[in-house]
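# A closer look at the structure
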Amino acid sequence: EYQYFGGGEELVNINAKLDEEGRTSYVGNDNDMQVLGRIYTPLSDMLDAFNAATGYDDIVVIGGYRTTERQQELYDDDLASTGLDTSDRVAIPGHSEHESGYAVDFTTSTTWDYDGTGEYDWINKNCWKYGFILRYPEDKTEITNIKYEPWHYRYVGVPHAYYMYTNGLCLEEYIDLLRNYPYEGEHLKFSDENGTEYEIYFVASDDGAENSIVPVPSSLKYEI
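Within every chain, residues take consecutive numbers counted from 1 along the sequence as written. In view of the model being predicted, local features appear only for residues whose pLDDT reaches at least 70, and side-chain atom pairs are presented and counted only at 80 or more, with totals across whole chains, interfaces and linings using the full set of residues. Values reported for side chains reflect all heavy atoms of the structure, with hydrogen atoms and water molecules removed beforehand.

### Quick look at the nonpolar core
Nonpolar side chains tend to gather and get buried jointly when the protein is soluble and globular. Counting residues in each nonpolar core, the largest one holds 25 residues, and the members touching the most others are Tyr 26, Met 46, Ile 59, Phe 106 and Ile 123. Counting residues per element, this core draws most heavily on helix α2 (residues 37-54), which supplies six residues. Here Met 46 is in contact with Phe 106, Trp 122, Ile 123, Cys 127, Tyr 130 and Phe 132, once residues within four sequence places are set aside. Counting residues in each nonpolar core, the second largest holds 14 residues, with Ile 133, Tyr 163, Leu 171 and Ile 200 among its members. Definition of nonpolar core: a set of buried residues of the types Ala, Val, Leu, Ile, Met, Phe, Trp, Tyr and Cys, connected through side-chain atoms within 4.5 Å. Burial here depends on accessible area, computed with a 1.4 Å probe over protein chains only, as a share of the maximum for the residue type. Under 20% is buried, over 50% is exposed, and the range in between is partly exposed. Only runs of H or I of at least four residues qualify as helices and only runs of E of at least two qualify as strands under DSSP, and these elements are numbered from the N terminus. Whether two residues are in contact is decided by their heavy atoms: any pair within 4.5 Å suffices.

### Some details on the sheet that holds strand β5 (residues 103-108)
Spatial strand order, β2-β4-β5-β7-β6: five strands in an open sheet with mixed pairing. Whereas interior strands pair on both sides, the edge strands pair on one side only; in this sheet they are β2 (26-28) and β6 (132-136). When strand polarity is set aside, the average angle formed by the axes of neighbouring strands in this sheet is 40°. Pairing of β6 with strand β7 (residues 149-155) involves four bridges; the strand directions are antiparallel. Residue pairing across strands places Phe 132 opposite Tyr 155, the latter belonging to β7. A fitted line through C-alpha atoms represents every axis, and for helices the fit uses only the stretch in contact; the resulting angles, taken between N-to-C directions, go from 0 to 180 degrees. Each of β2 and β4 (59-63) is contacted by helix α1 (residues 14-21), which is oriented at about 140° to β2, the strand it contacts most. Strands pair, by our definition, only if DSSP identifies at least two bridges between them.

### What about the pattern of salt bridges?
Each reported salt bridge corresponds to a side-chain nitrogen of Lys or Arg within 4 Å of a carboxyl oxygen of Asp or Glu. Taken as a whole and judged by the stated rule, the model has twelve salt bridges. Across the pair Glu 173 and Lys 140 runs a salt bridge whose closest N-O atoms are separated by 2.9 Å. Taken as a pair, Glu 173 in helix α7 (residues 171-178) and Lys 140 in the loop between β6 and α5 (141-144) lie far apart in primary sequence, 33 residues in all. Glu 173 sits in the partly exposed class, given a relative accessible area of 22%. Connected through salt bridges with shared partners, the residues Glu 21, Arg 23, Asp 45 and Asp 48 form a single ionic network.

### Quick look at the layout of surface pockets
Definitions used for this entry: grid spacing 1 Å over protein atoms alone; cavity, a set of points where a 1.4 Å probe fits but cannot get out; pocket, an open set with protein on both sides within 12 Å along at least 5 of 7 lines; lining residue, one with an atom within 4 Å of a point. Grid points are joined across faces, edges and corners, and a volume is the space filled by probe spheres set on the points. Of the voids in this model, the second largest pocket is the one considered here, and its volume is about 820 Å³. Lining the second largest pocket are 36 residues, and of these Gly 63, Arg 66, Leu 74, His 98 and Asp 105 sit closest to its centre. Looking at the lining of the second largest pocket, the elements that each hand over two or more residues are β4, α3 (68-82), β5 and β7. Looking at the lining of the second largest pocket, the element that brings in the most residues is α3, giving five residues. Counted by class, the lining of the second largest pocket contains 13 nonpolar, ten polar and 13 charged residues. All residues other than Ala, Val, Leu, Ile, Met, Phe, Trp, Tyr, Cys, Pro, Asp, Glu, Lys and Arg, Gly among them, are scored as polar; the first ten of these are nonpolar and the last four charged.

### So, the environment of Tyr 155
Position of Tyr 155 relative to the elements: it lies in strand β7. Taking the relative accessible area as the measure of exposure, Tyr 155 reaches 12% and is therefore buried. With 53 residues separating them in the primary sequence, Tyr 155 and Tyr 102 have C-alpha atoms 5.4 Å apart. Among all residues touching Tyr 155, those that are not within four sequence positions of it are Arg 38, Ile 39, Pro 42, Tyr 102, Tyr 130, Gly 131 and Phe 132.

### Looking at the packing of helix α6 (residues 158-167) against α7
As a packed pair, α6 and α7 sit with axes 10 Å apart at the nearest point and diverge in direction by 105°. Comparing the axis directions of α6 and α7 gives the class roughly perpendicular. From α6, His 160, Tyr 163 and Met 164 reach across to α7, where they touch Leu 171, Tyr 174 and Leu 177. Among the residues forming the contact of α6 with α7, the class breakdown is five nonpolar, one polar and no charged. Every angle not falling under 35 degrees, over 145, or within 65 to 115 is termed oblique; those three ranges are roughly parallel, roughly antiparallel and roughly perpendicular.

### A few points about the side chain of Asp 192
With respect to the helices and strands, the residue Asp 192 is situated in the loop between β8 (188-191) and β9 (197-200). In this tally Asp and Glu are treated as negative and Lys and Arg as positive; neither His nor the chain ends contributes. It is Lys 129 that comes nearest to the buried, bridge-free Asp 192 among opposite-charge side chains, at 10 Å. Polar contact criterion, stated in full: a pair of N or O atoms within 3.5 Å, where within protein one must be able to donate a hydrogen and the other to accept it, and residues adjacent in sequence count only if both atoms are side-chain atoms. A distance of 3.3 Å separates polar atoms of two side chains, one belonging to Asp 192 and the other to Tyr 198. Sequence-distant contacts of Asp 192, defined by excluding residues within four places in its chain, comprise Tyr 162 and Tyr 198.

Here it is, written out as structure tokens:
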């Protein structure tokens, strides 16, 4: 529903970074595959742990960062193949999470298909530990307006991913929930399974001003 206005994203090349660090648990589909820099390490740590737990090293990141122009090509191709006026499989250009660099699509080098079942279900059950969520679950299609995509994961950060996973929420539901916890009122407080405590609150953007002021704690770690 909301367009992403990007520019200046700090991107990293997956395969170049994997080679630099000597990681072998997964690969990018080609040498041009990029993701936002801040998600590379949690992504790699997650797939290293998946490899250690299952012995599988066949994950391929087939989708990462996309330009709006590339998203337009994919959208047009989908309409051409279905004959429909709109798509429920490909996001409207300007509205894809891939344009932010926060999303990745998986496949496998053994089947070139990924359904998140069998050993791969480990990722669904553990991705929150690395800040990722399964973005378009099968039981949330009426809310996300996107068909079930077992291969599409989105980075949101550990506390948010943990809360969504344990409470069965998709991102749309979680954002709506957070609006009920403004800075001026009661905050959302919870602890994860390791006992780490989180306190989350919502601050609306000041759309009439050049900048929005966000209150932050003076003595605690925080993220906006």
